[in-house]
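Below, each chain spelled out in residue letters.
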Amino acid sequence: LTEPVRATACITSAGYVKVSLQGPAPCAPLVPGGQPGVAELKLAAKKVALLVRKSGHPDAQGGNFGVTIFSASGELRFPVRLDRVAAKWPRHVMYDPDVTASLFYRVARPRCTVQVSVSGNVQIRGATSPEAACEAMRLLHPILREFSS
């Protein structure tokens, strides 16, 4: 518990704690580097429980730990023609250039949403694990590569 972990914790009055970690994207093709995983989340949760105990609640403890939502972001390193992706994949894509400059691709399995910008920035939301986010990116990368400008 002595190593610093960059995390944000939100503690509700009911006693629930939401811990968020800052770190690079999980897939090596997106951004090289390590990914904060479940072990780092558990460590951050233990540190939050320790801080709560020190602040006057000695019965605070960590229990029922689980990852509910995983988010990742990265770069494709190539621009993407969003209008052409939307024209070819209308069933999976939501794209309205009048509302936002991003395309939202809904992946069925693993169930998540991938937000793609023209410049190639990607955000994966709603995945349940880093592995699910990587799998979504593995499925989507060839499709987006086809529409690179």
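Residues numbered from 1 in each chain as written. Predicted model: local features only at pLDDT ≥ 70, side-chain atom pairs only at ≥ 80, totals over all residues. Heavy atoms only, no water.

Asks: Lay out the side chain of Ser129 in plain terms, naming residues and giving numbers.
Replies: Relative to the helices and strands, Ser129 is located in the loop between β7 (121-127) and α3 (130-146). For Ser129, a relative accessible area of 19% puts it in the buried group. (Helix = DSSP H or I, 4+ residues; strand = E, 2+ residues; numbered from the N terminus. Buried < 20%, exposed > 50% of the residue type's maximum accessible area, 1.4 Å probe, protein only.)

Asks: Explain the sheet that holds β7 to me, using residue names and the numbers behind them.
Replies: Here five strands make up an open sheet; going across it, the order is β3-β7-β6-β5-β4 and the pairing antiparallel. The open sheet has two edge strands, β3 (70-75) and β4 (93-94), and neither has a second partner. In this sheet, β7 lies alongside strand β6 (residues 112-117) in antiparallel orientation, the contact comprising four bridges. Residue pairing in the sheet places Val116 in a bridge with Val122 of β7. (Pairing = 2+ DSSP bridges.)

Asks: Kindly report on helix α1 (residues 38-54), identifying the contributing residues and their values.
Replies: End to end, α1 covers 24 Å across 17 residues, agreeing with the expected 24 Å (1.5 Å per residue, within 8%). Looking at α1, one finds that the buried residues are Leu41, Ala44, Lys47, Val48 and Ala49. Of the surrounding secondary structure, the elements contacted by the buried residues of α1 are β1 (7-11) and β2 (17-21). Immediately downstream of α1, the backbone of Gly56 shows phi near 110°, a positive value. (Expected span 1.5 Å × (residues − 1). Contact = heavy atoms within 4.5 Å.)

Asks: Explain the pairing of β3 residue by residue, including any values.
Replies: Side chains Phe70, Ala72 and Gly74 project from β3 onto a buried face, and the interleaved Ser71, Ser73 and Glu75 project onto a face without burial. As paired strands, β3 and β7 are joined by five bridges and run antiparallel to one another. When the sheet's bridge partners are listed, Gly74 is paired in β7 with Val122.

Asks: So what's going on with α3? Which residues, and what values?
Replies: Residue pairs spaced three or four apart in an α-helix point in one direction, given the helix's 3.6 residues per turn. Its 17 residues give α3 an end-to-end C-alpha distance of 25 Å, which sits within 8% of 24 Å, the value for a rise of 1.5 Å per residue. Maximum bend of α3: about 35°, positioned at Leu140, with proline Pro142 one to four residues after it. Here α3 has its buried residues at Pro130, Ala132, Ala133, Cys134, Ala136, Met137, Leu140, Ile143 and Leu144. Buried residues belonging to α3 abut β3, α2 (82-88), β5 (102-107), β6 and β7. (Bend = angle between axes of the 7 residues up to and from the residue.)

Asks: Residue-level account of the nonpolar core, with values.
Replies: One finds Leu76, Val80, Leu103, Val116, Ile124 and Leu144 to be the most contacted residues of the largest nonpolar core, which totals 26 residues. When residues of this core are traced back to their parent elements, those giving at least two are β3, α2, β5, β6, β7 and α3. Discounting residues that sit within four places of it in the chain, Leu144 has contacts with Leu76, Phe78, Val80, Val85, Val116 and Met137. (Core = buried A, V, L, I, M, F, W, Y, C linked by side-chain atoms within 4.5 Å.)

Asks: Quick one: what's the story with the environment of Gln115, residue by residue and with numbers?
Replies: Turning to its location among the elements, Gln115 is positioned in strand β6. Here Gln115 is in contact with Ser102, Leu103, Phe104, Asn121, Val122, Gln123 and Arg125, once residues within four sequence places are set aside.

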